[in-house]
Amino acid sequence: MRHSGVILSLAAVLTAFCLASCITTDHSLGSDLAPSNHSIELHTATIDLPVSLKMADSLQTAISQSITVGSIRSDVFGLFHCDAAMSVTAATDSIDWGKNPSVRSFTLNLVTDTTLVVDAAERYAPQNLYVHQLNVELDSTMVYNNSLKAGDYDPEIISQGGFVFTGGGSYAVRLDEEIRKRLFQIPMATLDSADLFMKAFHGLYIRCDDPVEGSEGGRLNLFDLSSSTLTLTYDYDDAQGNRKTNTAVFQLGTKYTVNCCTSGSRVLESEDPAETLYVEGLCGIKPFINALRLRDALADWAADAQIPLENLLIAKATFSFPFEYYGDRTQFDNYAGNLFPCKRTANSAGRLRYTPIDEINDTDLVDDRERRTDGFTSERDERTAICVHGA
(Lines give C-alpha, C1' and ligand atoms only; values in the text may rest on other atoms or scores of the structure.)
Protein backbone atom coordinates (compact mmCIF):
# COMPACT_ATOMS: atom_id res chain seq x y z
CA MET A 1 0.00 0.00 0.00
CA ARG A 2 2.88 2.38 0.71
CA HIS A 3 4.09 1.99 -2.88
CA SER A 4 0.68 2.76 -4.37
CA GLY A 5 0.40 5.88 -2.16
CA VAL A 6 3.63 7.21 -3.58
CA ILE A 7 2.47 6.54 -7.10
CA LEU A 8 -0.88 8.24 -6.50
CA SER A 9 0.83 11.30 -4.94
CA LEU A 10 3.25 11.60 -7.85
CA ALA A 11 0.40 11.30 -10.31
CA ALA A 12 -1.44 14.15 -8.53
CA VAL A 13 1.63 16.42 -8.75
CA LEU A 14 2.09 15.70 -12.45
CA THR A 15 -1.57 16.40 -13.11
CA ALA A 16 -1.37 19.77 -11.30
CA PHE A 17 1.78 20.70 -13.25
CA CYS A 18 0.11 19.87 -16.57
CA LEU A 19 -2.92 21.95 -15.66
CA ALA A 20 -0.69 24.92 -14.71
CA SER A 21 1.28 24.63 -17.94
CA CYS A 22 -1.89 25.13 -19.95
CA ILE A 23 -2.26 28.74 -18.70
CA THR A 24 -0.93 31.23 -21.34
CA THR A 25 0.56 34.57 -20.11
CA ASP A 26 -0.27 37.53 -22.33
CA HIS A 27 2.68 39.94 -21.93
CA SER A 28 1.11 42.47 -24.27
CA LEU A 29 -1.80 43.06 -21.91
CA GLY A 30 -2.17 46.81 -21.33
CA SER A 31 0.50 47.76 -23.88
CA ASP A 32 -2.03 49.80 -25.83
CA LEU A 33 -2.61 51.95 -22.74
CA ALA A 34 1.04 53.24 -22.51
CA PRO A 35 1.90 56.38 -24.53
CA SER A 36 4.08 55.64 -27.55
CA ASN A 37 6.80 58.07 -26.37
CA HIS A 38 7.27 56.00 -23.19
CA SER A 39 8.82 53.13 -25.13
CA ILE A 40 12.60 53.12 -25.04
CA GLU A 41 14.39 52.35 -28.30
CA LEU A 42 18.13 51.87 -28.65
CA HIS A 43 19.98 53.37 -31.63
CA THR A 44 23.61 53.86 -32.56
CA ALA A 45 25.05 56.40 -34.95
CA THR A 46 28.48 57.14 -36.40
CA ILE A 47 29.02 60.82 -37.18
CA ASP A 48 32.06 62.51 -38.70
CA LEU A 49 33.43 65.05 -36.22
CA PRO A 50 33.53 68.66 -37.44
CA VAL A 51 37.11 69.01 -36.25
CA SER A 52 39.72 71.63 -37.07
CA LEU A 53 43.19 72.52 -35.74
CA LYS A 54 43.53 75.69 -33.68
CA MET A 55 45.59 77.36 -30.99
CA ALA A 56 44.10 79.24 -28.05
CA ASP A 57 45.27 82.85 -27.80
CA SER A 58 45.88 82.20 -24.10
CA LEU A 59 45.82 79.04 -22.01
CA GLN A 60 45.77 78.50 -18.27
CA THR A 61 49.22 77.13 -17.39
CA ALA A 62 49.35 77.71 -13.63
CA ILE A 63 50.04 74.20 -12.33
CA SER A 64 50.27 73.80 -8.57
CA GLN A 65 53.71 72.88 -7.26
CA SER A 66 55.13 72.20 -10.71
CA ILE A 67 57.01 74.23 -13.32
CA THR A 68 58.24 73.43 -16.81
CA VAL A 69 61.42 75.00 -18.17
CA GLY A 70 63.04 74.15 -21.49
CA SER A 71 62.93 74.43 -25.25
CA ILE A 72 62.41 71.95 -28.09
CA ARG A 73 62.56 72.45 -31.85
CA SER A 74 61.02 69.84 -34.17
CA ASP A 75 60.33 69.68 -37.88
CA VAL A 76 56.56 69.41 -37.31
CA PHE A 77 55.78 71.84 -34.49
CA GLY A 78 58.65 74.29 -34.84
CA LEU A 79 60.07 75.88 -31.69
CA PHE A 80 58.33 75.25 -28.37
CA HIS A 81 59.73 77.34 -25.51
CA CYS A 82 58.72 77.39 -21.84
CA ASP A 83 59.92 79.57 -18.93
CA ALA A 84 58.39 79.62 -15.45
CA ALA A 85 57.70 82.01 -12.58
CA MET A 86 57.12 81.04 -8.96
CA SER A 87 56.42 82.68 -5.64
CA VAL A 88 58.85 82.48 -2.73
CA THR A 89 57.61 82.33 0.88
CA ALA A 90 59.19 81.51 4.22
CA ALA A 91 58.79 77.89 5.30
CA THR A 92 58.33 78.90 8.96
CA ASP A 93 57.25 82.03 10.84
CA SER A 94 60.15 81.89 13.28
CA ILE A 95 63.05 83.20 11.19
CA ASP A 96 65.34 85.52 13.16
CA TRP A 97 68.25 87.21 11.41
CA GLY A 98 69.84 88.12 14.74
CA LYS A 99 72.47 90.88 14.82
CA ASN A 100 75.08 91.55 12.15
CA PRO A 101 73.91 88.77 9.80
CA SER A 102 76.21 87.69 6.99
CA VAL A 103 75.53 85.17 4.26
CA ARG A 104 77.38 81.92 3.94
CA SER A 105 75.38 80.48 1.04
CA PHE A 106 72.13 81.03 -0.78
CA THR A 107 71.20 77.99 -2.90
CA LEU A 108 68.30 77.18 -5.20
CA ASN A 109 67.70 73.46 -5.63
CA LEU A 110 65.07 72.38 -8.16
CA VAL A 111 64.20 68.67 -8.05
CA THR A 112 63.51 67.08 -11.44
CA ASP A 113 60.19 65.30 -11.79
CA THR A 114 60.60 64.19 -15.39
CA THR A 115 62.06 65.30 -18.71
CA LEU A 116 60.48 65.30 -22.16
CA VAL A 117 62.44 64.91 -25.40
CA VAL A 118 61.66 64.17 -29.02
CA ASP A 119 64.95 62.34 -29.55
CA ALA A 120 66.24 60.03 -26.78
CA ALA A 121 69.77 61.23 -27.55
CA GLU A 122 68.79 64.68 -26.22
CA ARG A 123 67.74 63.44 -22.76
CA TYR A 124 71.03 64.47 -21.14
CA ALA A 125 72.07 67.18 -23.56
CA PRO A 126 73.41 70.37 -21.87
CA GLN A 127 71.04 73.33 -21.54
CA ASN A 128 71.62 76.78 -20.12
CA LEU A 129 69.15 77.73 -17.37
CA TYR A 130 69.06 81.22 -15.86
CA VAL A 131 67.47 82.58 -12.68
CA HIS A 132 66.03 86.12 -12.49
CA GLN A 133 64.16 88.16 -9.93
CA LEU A 134 60.54 89.01 -10.66
CA ASN A 135 59.67 92.70 -10.96
CA VAL A 136 55.95 92.07 -10.41
CA GLU A 137 54.03 90.33 -7.67
CA LEU A 138 52.28 87.15 -8.80
CA ASP A 139 48.55 86.97 -8.15
CA SER A 140 45.45 85.02 -9.19
CA THR A 141 45.13 86.92 -12.50
CA MET A 142 48.51 85.70 -13.76
CA VAL A 143 47.57 82.17 -14.71
CA TYR A 144 47.94 82.17 -18.51
CA ASN A 145 50.83 81.19 -20.73
CA ASN A 146 51.21 84.83 -21.84
CA SER A 147 50.49 86.56 -18.52
CA LEU A 148 54.12 87.68 -18.03
CA LYS A 149 56.20 89.80 -20.38
CA ALA A 150 59.95 90.29 -20.69
CA GLY A 151 59.80 93.43 -18.55
CA ASP A 152 58.16 91.58 -15.68
CA TYR A 153 61.49 90.11 -14.58
CA ASP A 154 64.84 91.78 -13.97
CA PRO A 155 67.22 91.17 -16.91
CA GLU A 156 70.14 90.71 -14.51
CA ILE A 157 70.99 87.04 -13.99
CA ILE A 158 71.21 86.21 -10.28
CA SER A 159 72.32 82.57 -10.61
CA GLN A 160 76.03 81.88 -10.20
CA GLY A 161 78.41 78.95 -10.34
CA GLY A 162 77.37 77.55 -13.71
CA PHE A 163 74.21 77.67 -15.79
CA VAL A 164 74.42 74.26 -17.49
CA PHE A 165 71.77 71.65 -16.69
CA THR A 166 72.05 68.17 -18.19
CA GLY A 167 68.67 66.74 -17.22
CA GLY A 168 69.77 64.98 -14.04
CA GLY A 169 67.96 64.57 -10.73
CA SER A 170 68.17 68.23 -9.73
CA TYR A 171 69.35 71.67 -10.77
CA ALA A 172 71.32 73.36 -7.96
CA VAL A 173 72.74 76.86 -8.28
CA ARG A 174 74.01 79.59 -5.95
CA LEU A 175 72.30 82.98 -6.08
CA ASP A 176 73.94 86.38 -6.26
CA GLU A 177 75.19 87.99 -3.03
CA GLU A 178 73.18 91.16 -3.59
CA ILE A 179 69.92 89.22 -3.52
CA ARG A 180 71.04 87.58 -0.29
CA LYS A 181 71.70 90.94 1.36
CA ARG A 182 68.30 92.19 0.23
CA LEU A 183 66.60 89.51 2.30
CA PHE A 184 68.25 90.85 5.47
CA GLN A 185 66.61 94.24 4.81
CA ILE A 186 63.10 92.75 4.89
CA PRO A 187 61.41 93.50 8.26
CA MET A 188 61.04 90.52 10.55
CA ALA A 189 57.26 90.96 10.78
CA THR A 190 57.06 90.58 7.00
CA LEU A 191 58.61 87.13 7.18
CA ASP A 192 55.65 85.94 9.25
CA SER A 193 53.14 86.68 6.46
CA ALA A 194 53.34 85.03 3.04
CA ASP A 195 51.32 87.83 1.43
CA LEU A 196 53.50 90.58 2.93
CA PHE A 197 56.68 88.73 2.08
CA MET A 198 55.60 88.41 -1.57
CA LYS A 199 55.17 92.17 -1.76
CA ALA A 200 58.76 92.62 -0.59
CA PHE A 201 60.23 89.69 -2.55
CA HIS A 202 58.11 89.01 -5.64
CA GLY A 203 59.60 85.65 -6.57
CA LEU A 204 61.86 84.01 -9.15
CA TYR A 205 61.75 83.59 -12.91
CA ILE A 206 63.55 80.65 -14.59
CA ARG A 207 64.33 80.71 -18.30
CA CYS A 208 66.21 78.57 -20.80
CA ASP A 209 68.19 79.09 -24.01
CA ASP A 210 66.72 77.80 -27.28
CA PRO A 211 68.46 75.11 -29.36
CA VAL A 212 70.94 76.41 -31.90
CA GLU A 213 69.14 78.01 -34.85
CA GLY A 214 68.61 75.53 -37.64
CA SER A 215 68.99 72.47 -35.42
CA GLU A 216 66.34 70.17 -34.01
CA GLY A 217 66.15 68.71 -30.52
CA GLY A 218 66.13 70.10 -27.01
CA ARG A 219 64.41 69.13 -23.77
CA LEU A 220 61.55 70.17 -21.49
CA ASN A 221 62.34 69.84 -17.78
CA LEU A 222 59.50 69.39 -15.29
CA PHE A 223 60.50 70.35 -11.74
CA ASP A 224 58.64 69.27 -8.60
CA LEU A 225 58.45 72.36 -6.38
CA SER A 226 57.03 70.43 -3.42
CA SER A 227 60.47 68.81 -3.06
CA SER A 228 62.53 71.83 -4.18
CA THR A 229 64.01 74.40 -1.81
CA LEU A 230 65.59 77.82 -1.58
CA THR A 231 68.05 77.67 1.33
CA LEU A 232 69.86 80.55 3.02
CA THR A 233 72.69 79.73 5.44
CA TYR A 234 73.94 82.71 7.47
CA ASP A 235 76.01 83.73 10.49
CA TYR A 236 74.72 86.10 13.17
CA ASP A 237 75.33 87.35 16.72
CA ASP A 238 72.94 86.02 19.33
CA ALA A 239 71.72 87.95 22.38
CA GLN A 240 74.92 87.05 24.28
CA GLY A 241 77.14 88.24 21.45
CA ASN A 242 78.14 84.75 20.38
CA ARG A 243 78.58 84.10 16.67
CA LYS A 244 76.07 81.48 15.49
CA THR A 245 75.13 79.80 12.21
CA ASN A 246 71.55 79.22 11.11
CA THR A 247 69.69 78.07 8.00
CA ALA A 248 66.44 79.54 6.70
CA VAL A 249 64.39 77.52 4.21
CA PHE A 250 61.98 79.13 1.74
CA GLN A 251 59.14 77.39 -0.09
CA LEU A 252 58.71 77.65 -3.85
CA GLY A 253 55.38 78.00 -5.61
CA THR A 254 53.14 77.39 -2.60
CA LYS A 255 51.18 80.55 -3.45
CA TYR A 256 51.54 80.92 -7.23
CA THR A 257 53.29 79.33 -10.19
CA VAL A 258 52.82 79.95 -13.89
CA ASN A 259 54.44 78.43 -16.98
CA CYS A 260 55.12 80.97 -19.71
CA CYS A 261 55.19 79.17 -23.03
CA THR A 262 55.09 79.86 -26.77
CA SER A 263 54.78 77.47 -29.71
CA GLY A 264 55.67 77.75 -33.37
CA SER A 265 52.90 75.35 -34.40
CA ARG A 266 50.40 78.07 -35.39
CA VAL A 267 51.29 77.38 -39.04
CA LEU A 268 49.46 74.05 -38.62
CA GLU A 269 46.09 75.73 -37.98
CA SER A 270 43.47 74.46 -40.42
CA GLU A 271 39.69 74.57 -40.68
CA ASP A 272 39.65 71.24 -42.49
CA PRO A 273 42.76 69.14 -41.80
CA ALA A 274 43.07 66.65 -44.63
CA GLU A 275 44.82 63.68 -43.01
CA THR A 276 46.51 64.36 -39.67
CA LEU A 277 45.31 65.77 -36.35
CA TYR A 278 48.15 67.17 -34.24
CA VAL A 279 47.98 67.34 -30.44
CA GLU A 280 50.60 69.45 -28.66
CA GLY A 281 50.83 70.05 -24.92
CA LEU A 282 50.32 73.30 -23.00
CA CYS A 283 49.79 76.22 -25.41
CA GLY A 284 50.42 74.23 -28.61
CA ILE A 285 48.12 73.18 -31.45
CA LYS A 286 45.07 71.04 -30.62
CA PRO A 287 41.96 69.53 -32.24
CA PHE A 288 39.03 71.94 -32.03
CA ILE A 289 35.48 70.60 -32.30
CA ASN A 290 32.74 73.02 -33.30
CA ALA A 291 29.94 72.10 -30.89
CA LEU A 292 27.28 73.90 -32.95
CA ARG A 293 28.13 71.92 -36.08
CA LEU A 294 28.28 68.72 -34.04
CA ARG A 295 24.85 69.43 -32.60
CA ASP A 296 23.44 70.10 -36.07
CA ALA A 297 24.89 66.78 -37.32
CA LEU A 298 23.17 64.97 -34.43
CA ALA A 299 19.92 66.83 -35.15
CA ASP A 300 20.08 65.77 -38.83
CA TRP A 301 20.61 62.15 -37.80
CA ALA A 302 17.69 62.32 -35.35
CA ALA A 303 15.44 63.80 -38.04
CA ASP A 304 16.34 61.00 -40.48
CA ALA A 305 15.59 58.44 -37.74
CA GLN A 306 12.30 60.25 -36.94
CA ILE A 307 13.34 60.82 -33.31
CA PRO A 308 12.12 64.07 -31.69
CA LEU A 309 15.02 65.88 -29.99
CA GLU A 310 13.07 66.26 -26.77
CA ASN A 311 12.93 62.45 -26.54
CA LEU A 312 16.63 61.90 -27.30
CA LEU A 313 18.98 60.84 -24.49
CA ILE A 314 22.64 60.22 -25.35
CA ALA A 315 23.77 57.43 -23.04
CA LYS A 316 27.34 57.19 -24.33
CA ALA A 317 29.51 58.97 -26.86
CA THR A 318 32.97 57.85 -27.97
CA PHE A 319 35.53 59.93 -29.88
CA SER A 320 37.56 57.65 -32.14
CA PHE A 321 40.88 58.95 -33.49
CA PRO A 322 42.65 56.39 -35.72
CA PHE A 323 46.46 56.45 -35.72
CA GLU A 324 49.22 55.12 -37.92
CA TYR A 325 51.51 52.42 -36.55
CA TYR A 326 54.99 52.29 -38.07
CA GLY A 327 56.08 49.01 -36.49
CA ASP A 328 58.04 50.66 -33.68
CA ARG A 329 56.29 50.65 -30.29
CA THR A 330 58.45 53.53 -29.05
CA GLN A 331 56.36 55.85 -31.24
CA PHE A 332 53.70 55.70 -28.51
CA ASP A 333 56.11 57.48 -26.15
CA ASN A 334 55.36 60.66 -28.09
CA TYR A 335 51.58 60.28 -27.90
CA ALA A 336 49.52 62.22 -25.39
CA GLY A 337 48.91 60.28 -22.19
CA ASN A 338 45.43 61.80 -21.77
CA LEU A 339 43.01 63.79 -23.91
CA PHE A 340 40.41 65.84 -22.03
CA PRO A 341 37.32 67.19 -23.83
CA CYS A 342 36.91 70.80 -22.73
CA LYS A 343 34.17 73.38 -23.18
CA ARG A 344 34.33 77.14 -23.59
CA THR A 345 32.73 79.15 -20.80
CA ALA A 346 32.58 82.80 -19.80
CA ASN A 347 32.96 84.17 -16.29
CA SER A 348 31.08 87.12 -14.79
CA ALA A 349 33.62 89.54 -16.29
CA GLY A 350 33.05 88.13 -19.77
CA ARG A 351 36.45 86.45 -20.00
CA LEU A 352 36.28 83.29 -22.10
CA ARG A 353 38.04 80.17 -20.93
CA TYR A 354 38.25 76.47 -21.70
CA THR A 355 37.56 74.07 -18.83
CA PRO A 356 37.21 70.26 -18.74
CA ILE A 357 33.64 69.04 -18.96
CA ASP A 358 31.99 68.52 -15.58
CA GLU A 359 32.01 64.72 -15.73
CA ILE A 360 35.82 64.54 -15.73
CA ASN A 361 36.15 65.76 -12.14
CA ASP A 362 32.65 64.90 -10.90
CA THR A 363 32.51 62.37 -8.05
CA ASP A 364 28.76 62.71 -7.41
CA LEU A 365 27.02 60.17 -9.64
CA VAL A 366 23.58 61.72 -9.05
CA ASP A 367 24.66 65.14 -10.25
CA ASP A 368 26.57 63.46 -13.06
CA ARG A 369 23.44 61.73 -14.33
CA GLU A 370 21.44 64.93 -14.10
CA ARG A 371 23.94 66.80 -16.22
CA ARG A 372 24.09 64.02 -18.77
CA THR A 373 20.31 64.00 -19.23
CA ASP A 374 20.19 67.76 -19.67
CA GLY A 375 23.17 67.97 -21.99
CA PHE A 376 21.30 67.92 -25.29
CA THR A 377 18.54 70.47 -25.89
CA SER A 378 16.51 71.66 -28.82
CA GLU A 379 17.93 75.15 -28.55
CA ARG A 380 20.98 76.11 -30.61
CA ASP A 381 24.10 75.93 -28.48
CA GLU A 382 26.65 78.57 -29.43
CA ARG A 383 29.43 77.11 -27.27
CA THR A 384 32.36 75.26 -28.74
CA ALA A 385 34.48 72.42 -27.44
CA ILE A 386 38.17 71.66 -27.65
CA CYS A 387 40.24 68.55 -26.96
CA VAL A 388 43.27 69.48 -24.89
CA HIS A 389 46.33 67.52 -23.67
CA GLY A 390 46.53 66.81 -19.87
CA ALA A 391 49.90 67.68 -18.42
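I will try to describe carefully the structure that is included in this document. (Residues numbered from 1 in each chain as written. Predicted model: local features only at pLDDT ≥ 70, side-chain atom pairs only at ≥ 80, totals over all residues. Heavy atoms only, no water.)

## Here we look at the packing of aromatic side chains
Here is step 1: Tallied over the entire structure, the rule returns twelve aromatic pairs.
Here is step 2: Summarising the aromatic geometry, the rings of F165 and F223 are spaced 5.6 Å apart at their centres and angled 50° between planes, so their arrangement reads as tilted. Taken together, the residues F165 in strand β7 (residues 164-165) and F223 in strand β10 (residues 217-237) connect sequence positions 58 residues apart. Across the pair, F223 and F165 agree in class, each one buried.
Here is step 3: With centroids separated by 5.8 Å and ring planes inclined at 45°, the aromatic side chains of Y234 and Y236 adopt a geometry described as tilted. Considered together, Y234 and Y236 belong to a single accessibility category, that of buried residues.
Here is step 4: One aromatic cluster is present, built from ring pairs that chain together W97, F184, Y234 and Y236.
Here is step 5: If you follow K54 out to its NZ or CZ, it ends over the ring of F288, 4.5 Å from the centre. (Phe/Tyr/Trp six-rings, centres within 6.5 Å; stacked < 30°, edge-to-face > 60°. Helix = DSSP H or I, 4+ residues; strand = E, 2+ residues; numbered from the N terminus. Buried < 20%, exposed > 50% of the residue type's maximum accessible area, 1.4 Å probe, protein only. Lys NZ or Arg CZ within 6 Å of the ring centre and 35° of its normal.)

## Details of the pattern of salt bridges
Here is step 1: Applying the stated rule across the entire model yields nine salt bridges.
Here is step 2: Between D296 and R295 there is a salt bridge, with its nearest N and O atoms 3.7 Å apart.
Here is step 3: The exposure class assigned to D296 is partly exposed, which follows from its relative accessible area of 24%. (Salt bridge = Lys/Arg side-chain N within 4 Å of Asp/Glu carboxyl O.)

## Let's talk about the nonpolar core
Here is step 1: In terms of nonpolar packing, the biggest core is built from 37 residues, with W97, L108 and F250 touching the most fellow members.
Here is step 2: In this structure, L108 is in contact with M86, V131, Y171, A172, V173, L175, L204, I206, T229, L230 and L252, ignoring residues within four places of it in sequence.
Here is step 3: A85, L148, Y153 and Y205 belong to the second largest nonpolar core, which has nine residues in total. (Core = buried A, V, L, I, M, F, W, Y, C linked by side-chain atoms within 4.5 Å. Contact = heavy atoms within 4.5 Å.)

## What to know about the environment of S270
Here is step 1: With respect to the element layout, S270 can be found in the loop between β11 (243-263) and β12 (286-289).
Here is step 2: Given a relative accessible area of 25%, S270 falls into the partly exposed group.
Here is step 3: The spatial distance from the C-alpha of S270 to the C-alpha of S52 is 5.8 Å, given a sequence separation of 218 residues.
Here is step 4: Once you skip the residues sitting within four places of it in the chain, S270 turns out to touch S52 and L53.

## Regarding a nonpolar patch on the surface
Here is step 1: A grouping of L277, F319, F321 and L339 is seen on the molecular surface, where their side chains present a nonpolar patch of about 310 Å² in accessible area.
Here is step 2: The topology assignment puts F321 in the loop between α5 (291-304) and β13 (339-346). (Patch = residues over 30% accessible without salt bridge, like charges linked within 9 Å, V, L, I, M, F, W, Y side chains within 5 Å. Areas by Shrake-Rupley, 256 points an atom, 1.4 Å probe, with all protein chains shown as cover.)

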